[in-house]
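Tertiary structure, described
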Amino acid sequence: MPSATAPTLYDLAPAGTDPDRDPAAVHAHLRSQGPVHRIHLPGTGDAWLVVGRAEARAALTDPALSNDIRHSGSWSDDGGHALGRNMLQTDPPEHTALRAGVARHFTPARVAALRPRVQEIAAELVAALPRSGEVDLVAAFAMPLPVTVICELLGVPAEDRAAVREWSRDLVTPDSAAAARSAAAAMTGYFDRMLVHKREHPGDDLFSALAAPDAEAPLTPEDLLGMCFLLLVAGHETTVNLISSAVHALLSRPELLASVRADPSLLAGVVEETLRFHSPVSAAAFRYAAEDTRIADTPVPRGDAVLVSLAAAGRDPAHWPEPEVFDPRRTRSGHLGFGHGVHHCLGAPLARAEAVVALAELLAGRPALRLAVAPDALRWRSATLLRGLAELPVRFD
């Protein structure tokens, strides 16, 4: 792999454009020059960034691109962003075996059974919101809803959830590499203790099923750690982003908000359009060229890293008419918000259900809801793979 001399997104961004605040403008600029670009990610390494929708979809199913970091050349990922070995870092047949161990817990039927509890949690959170004044809706609603749902599903005690949320934040958007390493160590210790406890005192939860010595698909200790990390962190971080971005999309478009209030059946379309327009997962997990290959007309040497931008794919005008218009009535589908292929997000049905329920309960319970700041004053949390609002100040009066 060549030395790390590629330009960063900041180098490639048009003058006056901030990739953290307006990644869509940067993606559009790059896409106008081609679907694949060589970039440098500070502290990590060089990678091929895929910004075209057709090329992104093809790359996500290209057998020459592996999710296994062992196919990397001189790639470095020492930020502490993952623990153990998980489904996002493996290929079939290892990936198939890992996925089989938990897939039955995320089927549409299982999600339908969970929906009443999701609605109950959402209603409780809405009832706790103030009747007037200002509040950060991320901290008060968008974050605790999916955290509570996934922790109950996995079997994380209520008294541990604040610590788990803090560790997750430091892993996904760390203030420093040291903070990420500290969070990884704390979470590893917690999972080890919890799995021992679940073996001795099993309950009706997913962690107990995974830890059981006679589990249907027994996992190695490394696989157990990776599964715990993926289910807990990916199981709520992305949904926090989805809910808060969907609320932001409605509150910054008064005419659309009025339409949704008049016709709540639009909420499912709002969620799908949010996944396209404000993709909670900005890029898929890193791929690595297992052999010399090509993406579109770009040669990708063996060992090189590939970063597929789901966010850029969601606004590619080659696929989406008027991609910069937020339209929940779109008839054309095909966003890559949950990925594509064998690594398509296992929790997609649950995330969709949580987001629709959250929006319905919030709009019904707080009809006077409005943004407390101008839309362009909002601050976004940007990481290599995830993007969402840091806070969402709203008023109810």
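Refer to the structure above for everything that follows.
A brief report on the enclosed structure follows. Within any chain, residue numbers begin from 1 and follow the written order of that chain's sequence. Two thresholds apply to this predicted model, a pLDDT of at least 70 for residue-level local features and 80 or more for giving and counting side-chain atom pairs, whereas whole-chain, interface and lining totals are computed over all residues. Where side-chain values are given, they derive from all heavy atoms of the structure, hydrogens and water being excluded.

This next bit is on helix α12 (residues 254–262). Those residues of α12 not exposed but buried are L256, L257 and V260. Buried residues in α12, looked at end-on, bunch into an arc of 100 degrees, giving them a common side. Turned more than 90 degrees off the buried face of α12, the exposed positions are P254, E255 and A262. Here the term buried applies to any residue with accessible area under 20% of the maximum for its type, exposed to any over 50%, and partly exposed to those in between, with areas from a 1.4 Å probe on protein chains only. A run of H or I in DSSP counts as a helix once it spans at least four residues, and a run of E counts as a strand once it spans at least two, with each numbered from the N terminus. Taking the helix axis as origin, the arc is that swept by the directions to the C-beta atoms.

Okay, helix α8 (residues 161–172) next. With 12 residues, α8 should cover 16 Å at 1.5 Å per step; its first-to-last C-alpha distance of 16 Å lies within 8% of that length. The set of residues buried in α8 consists of R161, V164, R165, W167, S168, D170, L171 and V172. If you follow the buried residues of α8, they end up packed against α7 (144–154), α9 (177–200), α11 (221–251) and β10 (380–382). The length a helix should cover is 1.5 Å for every residue beyond the first. Two residues qualify as a contact provided that any one of their heavy atoms is within 4.5 Å of a heavy atom in the partner residue.

So, about the pairing of strand β8 (residues 305–308). In β8, alternate side chains face the same way, and those of A305 and L307 on one face and V306 and V308 on the other are all buried. One ladder, built from three bridges, connects strand β2 (residues 45–50) with β8; its direction is parallel. Across the sheet, residue V50 finds its bridge partner in β8, namely V308. Pairing between two strands requires that DSSP report at least two bridges joining them. Pairing analysis gives two bridges linking strand β5 (residues 287–289) to β8, with the strands arranged antiparallel. Opposite R287, over in β8, you have V306 as the bridge partner.

For the rest of this paragraph, the subject is the pattern of salt bridges. One side-chain nitrogen of Lys or Arg within 4 Å of one carboxyl oxygen of Asp or Glu is enough to make a salt bridge. Going through the model one piece at a time under the given rule, you end up with 16 salt bridges. Between R330 and E273 there is a salt bridge; the shortest N-O distance is 2.8 Å. Separated by 57 residues along the polypeptide, R330 in the loop between α14 (310–313) and α15 (348–365) and E273 in helix α13 (residues 267–277) bring together distant segments of the chain. For the pair shown, R330 and E273 are each scored as buried.

With that settled, the discussion passes to the packing of aromatic side chains. Whether two aromatic rings pair depends on their centres lying within 6.5 Å, for rings of Phe, Tyr and Trp, where Trp uses its six-membered ring; planes under 30 degrees apart make the pair stacked, over 60 edge-to-face, and the rest tilted. Within the structure shown, the criterion is met by four aromatic pairs. Centre to centre, the rings of Y190 and F191 are 6.2 Å apart; their planes meet at 55 degrees, and the pair counts as tilted. An aromatic cluster is defined as three or more aromatic residues linked by ring pairs; in this entry it consists of W167, Y190, F191 and F207. Taking the ring centre of F277 as reference, the NZ or CZ of R253 above it sits at 5.4 Å. For a ring to carry a charge above it, either NZ of a lysine or CZ of an arginine must fall within 6 Å of the ring centroid while also lying within 35 degrees of the normal to the ring plane.

Let's shift gears to the nonpolar core. Definition of nonpolar core: a set of buried residues of the types Ala, Val, Leu, Ile, Met, Phe, Trp, Tyr and Cys, connected through side-chain atoms within 4.5 Å. L137, L145, V156, F191, L210, V308 and L392 are the most contacted members of the largest nonpolar core, which has 108 residues in total. At 17 residues, α11 tops the list of elements feeding residues into this core.

Moving on: the environment of G16. By the element assignment, G16 lies in the loop between α1 (9–12) and α2 (23–31). Since its relative accessible area comes to 88%, G16 is described here as exposed. Between the alpha carbons of G16 and E55 there is a distance of 28 Å; along the sequence they are 39 residues apart.

Next up on the list: unusual backbone geometry. At the junction of P92 and P93, the peptide bond is cis and its omega measures out at 5 degrees in the coordinates. Here P93 shows up in the loop between β3 (65–66) and α4 (94–100). At E322, a position not held by glycine, the phi torsion is positive, near 45 degrees.

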